[in-house]
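Close look at the chain arrangement
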Amino acid sequence: MDMIAGKIKLTSKTVDQSMNPLDVLERETRLSARDVTVHYGDKQALFGISIDIPDRAVTSFIGPSGCGKSTFLRCINRMNDTIEGARVGGSIKLDGDDVYDPNLDVVELRARVGMVFQKPNPFPKSIYENVAYGPKIHGLARSRTDLDEIVVSSLRKAGLFEEVKDRLNEPGTSLSGGQQQRLCIARAIAVGPQVILMDEPCSALDPIATAIIEELIDELRENYTIVIVTHSMQQAARVSQKTAFFHLGKLIEEGVTEDIFTNPEHKQTQDYIMGRIG
Amino acid sequence: MPATGTDHIVTAYSDELIQLAQSIAEMGGQVELAIENGTKALLKLDRELADLTIIADQRIDDMQRNIDDMAVSMIARRQPMASDLRAIITSIHVANDLERVGDMAKQLARRSLKLEGMSLQPTFYNGVKNMTALVLRQIKDSLDAYSSRNAAAAIQVCNHDDEVDAMYTSLFRELLTYMMEDPRNITPCTHLLFCAKNLERIGDHATNIAEHAYYLQTGKQLTSDIQELHRTQIKA
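**Side note on the overall build of chain A**
What chain A contains, in helices and strands, is 11 helices and 10 strands. The C-alpha radius of gyration computed for chain A amounts to 19 Å, which stays within 12% of the reference 19 Å derived for 278 residues, consistent with globular compactness. Seen through its principal axes, chain A has C-alpha atoms that stretch 55 × 45 × 30 Å. Residues classed as buried in chain A amount to 50% of the 278 residues present. Partitioning the contacts of chain A with sequence separation of at least 6, the portion at a separation of at least 24 is 68%. Working note: accessible area of chain A is about 12900 Å², and carbon and sulfur atoms make up 50% of it. With 32 positive and 39 negative side-chain charges, chain A shows a separation of 3 Å between the mean positions of the two kinds.

The following block contains the structure:
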């Protein structure tokens, strides 16, 4: 219970410093998507998605299953490249760089755009190695000391260091689900991304582990652009500053989270968030 | 609950929203009756009706507590969003306004007990009688705007509040004249002045309810920058 009390205290501190919901409108655009379409073979999954993702804020994608929100998320770091028969049209720009530029190094892109998945998926390696792996292959550390520093600071940023500092050599899979998910976030942070994509990061976690991750997301948004796909509308309402509602492969409505959840413009959005039969 | 078109996937949730709207309507009906009875007791110095009105206020208070409980329970269990959230939040506000109006009606009834045995000329009452009719109409219209989620009707109610205020000012002057004419009128006329003040406040609560109706329908607060709104004394 101490942990819960500690969290509540931490949250109230964060709330004091949190940005005005409308500030999100004034944030610079980090990611800009225009007319993005995705086909899986003959089947079209996304129809002309255009959206600007603000810098250093949390943007959530909501919508019923199969609405295309995860598909769109996966376009941002070209995860759809790995799916046979998937074709992506339109443009996605990260700080003005075309993500689908044929000359772009996809490995480097995925370092700039990290991803956290629904199910925590640590490598079958030690906690230390899980975090050190990325910086090593990207050549971010010149010495062992550098690497240690990156691992410790990433674990700290992911709010996990204190819990694992005495067992960095134990396997990552020995951690609890929530800890594993934070390890995956540390792993993503370790390569110095600008954007972190999260695909249902809490759906396999209990409410307390979820609250800890949400608190972490709230802290991370000071330094990173975060895009989160979630089935929990309450979670979207809690953690994000901007919300986009997808339905049948189309972006129906996007806007300041507070507006989407209190006074959405479109009936489809309204029916979905209110749990009505549309 | 009207005007939203589609039903919830969870029918029990829809049922609760309907129940909440019905409770507000029922409470509104009781409050209107209390104003009518309170004023009638005052005008006819009817002790029995006054007592009934005072006792009936307890029922109004219970209704408010009941609506609050329902709203809190729905927020906790259903995580309401958008217009559902507004319906629930405004029901708490409207019930609170109605409860205050109930108190005012009770005070009108109490005042009648104090006026017993005093010499009152029928002319003294005319102003209070007219003001009651106007204020009752305001309460009725505001509750109609709320239940039908009609933002335009809500603005109308707000605009008509000026009439209530004007009537209060003229009634104040009139009663002052009677008091100056004959010092024996001072006690009854002061009582009537308090009654007029209560009625004027009921008018303000009608405006509050109309503001909640506007918010319920539009999701926006009714502020003085709304063009159709002529009223000047918008709360800050």
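Still to come is the rest of the account.
**Re the pattern of salt bridges**
For side chains of opposite charge, pairing can occur when their charged atoms come near one another. Within the structure shown, the criterion is met by 31 salt bridges over all chains. Of the charged contacts, one joins Asp84 of chain B and Arg276 of chain A as a salt bridge, the two residues approaching to 2.6 Å between their closest N and O atoms. Taken together, the residues span two chains, with Asp84 of chain B in helix H3 (residues 82-115) and Arg276 of chain A in the segment after helix H11 (267-274). With relative accessibility at 0%, the residue Asp84 of chain B sits in the buried group. Between Asp141 of chain B and Arg137 of chain B there is a salt bridge; the shortest N-O distance is 3.9 Å. A residue pair is termed a helical-turn pair when its members lie 3 or 4 positions apart in one helix, as Asp141 of chain B and Arg137 of chain B do in helix H4 (residues 122-147) at four residues. Relative accessible area serves as the criterion here: at 35%, Arg137 of chain B is assigned to the partly exposed category.

**Comments concerning unusual backbone geometry**
The backbone of Arg78 of chain A sits at a positive phi, close to 60°, despite the residue not being glycine. By the secondary structure assignment, Arg78 of chain A is in the loop between helix H2 (69-76) and strand S4 (86-94).

**As for the side chain of Thr71 of chain A**
All names here are of chain A. Structurally, Thr71 can be placed in helix H2. The exposure class of Thr71 is buried, given its relative accessible area of 13%. Ignoring anything within four residues of it in the chain, the contact list for Thr71 reads Val38, Tyr40, Ala45, Leu46 and Asn80.

**Side note on helix H6 (residues 186-218) of chain B**
Residues and elements named next belong to chain B. For H6, spanning 33 residues, the distance from its first C-alpha to its last is 48 Å, which sits close to the expected 48 Å at 1.5 Å a residue. Across the 33 residues that make up H6, a large majority, 24, are buried. The positive-phi residue at the C-terminal boundary of H6 is Gly219, with phi of around 80°.

**As for the sheet that holds strand S5 (residues 97-98) of chain A**
Residue and element names in this part refer to chain A. A sheet is described by the order of its strands in space; here four strands give the open sequence S2-S1-S4-S5, paired in antiparallel fashion. The open sheet terminates on both sides in strands that have one partner only, identified here as strand S2 (43-54) and S5. Here S4 pairs with S5 via two bridges, running antiparallel. Among the inter-strand pairings, Lys93 is bridged to a residue of S5, identified as Asp98. H2 rests against strand S1 (29-40), S2 and S4 of the sheet, and its axis sits at about 120° to S1.

**Quick word on the packing of H4 of chain B against H6 of chain B**
Helices that pack against each other are described as a pair by the angle of their axes relative to one another and the distance between those axes. All names here are of chain B. Put simply, H4 and H6 touch, their axes get as near as 8 Å, and they point 15° apart. Judged on the interaxial angle alone, H6 and H4 are roughly parallel. Every pair of crossing elements has a handedness; the one defined by H4 and H6 is left-handed. When its residues are assigned to classes, the contact of H4 with H6 shows 19 nonpolar, five polar and one charged.

**Re the environment of Ala33 of chain A**
Residue and element names in this part refer to chain A. Its place among the elements puts Ala33 in strand S1. Linking Ala33 and Thr230, residues 197 residues apart in sequence, is a C-alpha distance of 20 Å. Setting aside chain neighbours within four positions, we find Ala33 in contact with Ile49, Ser50, Ile51, Phe72, Ser91 and Ile92.

The rules behind each value
Residues numbered from 1 in each chain as written. Chains lettered and ligands numbered in written order. Predicted model: local features only at pLDDT ≥ 70, side-chain atom pairs only at ≥ 80, totals over all residues. Heavy atoms only, no water. Helix = DSSP H or I, 4+ residues; strand = E, 2+ residues; numbered from the N terminus. Rg over C-alpha atoms; globule rule 2.2 N^0.38 Å. Buried < 20%, exposed > 50% of the residue type's maximum accessible area, 1.4 Å probe, protein only. Contact = heavy atoms within 4.5 Å. Areas by Shrake-Rupley, 256 points an atom, 1.4 Å probe, with all protein chains shown as cover. Lys, Arg positive; Asp, Glu negative; His and termini not counted. Charge placed at Lys NZ, Arg CZ, Asp CG, Glu CD. Salt bridge = Lys/Arg side-chain N within 4 Å of Asp/Glu carboxyl O. Expected span 1.5 Å × (residues − 1). Pairing = 2+ DSSP bridges. Axes fitted to C-alpha atoms, helices over the stretch in contact; angles between N-to-C directions. Parallel < 35°, antiparallel > 145°, perpendicular 65-115°, else oblique. Left-handed = near helix turned anticlockwise from the far one by under 90°. Nonpolar A, V, L, I, M, F, W, Y, C, P; charged D, E, K, R; others polar.

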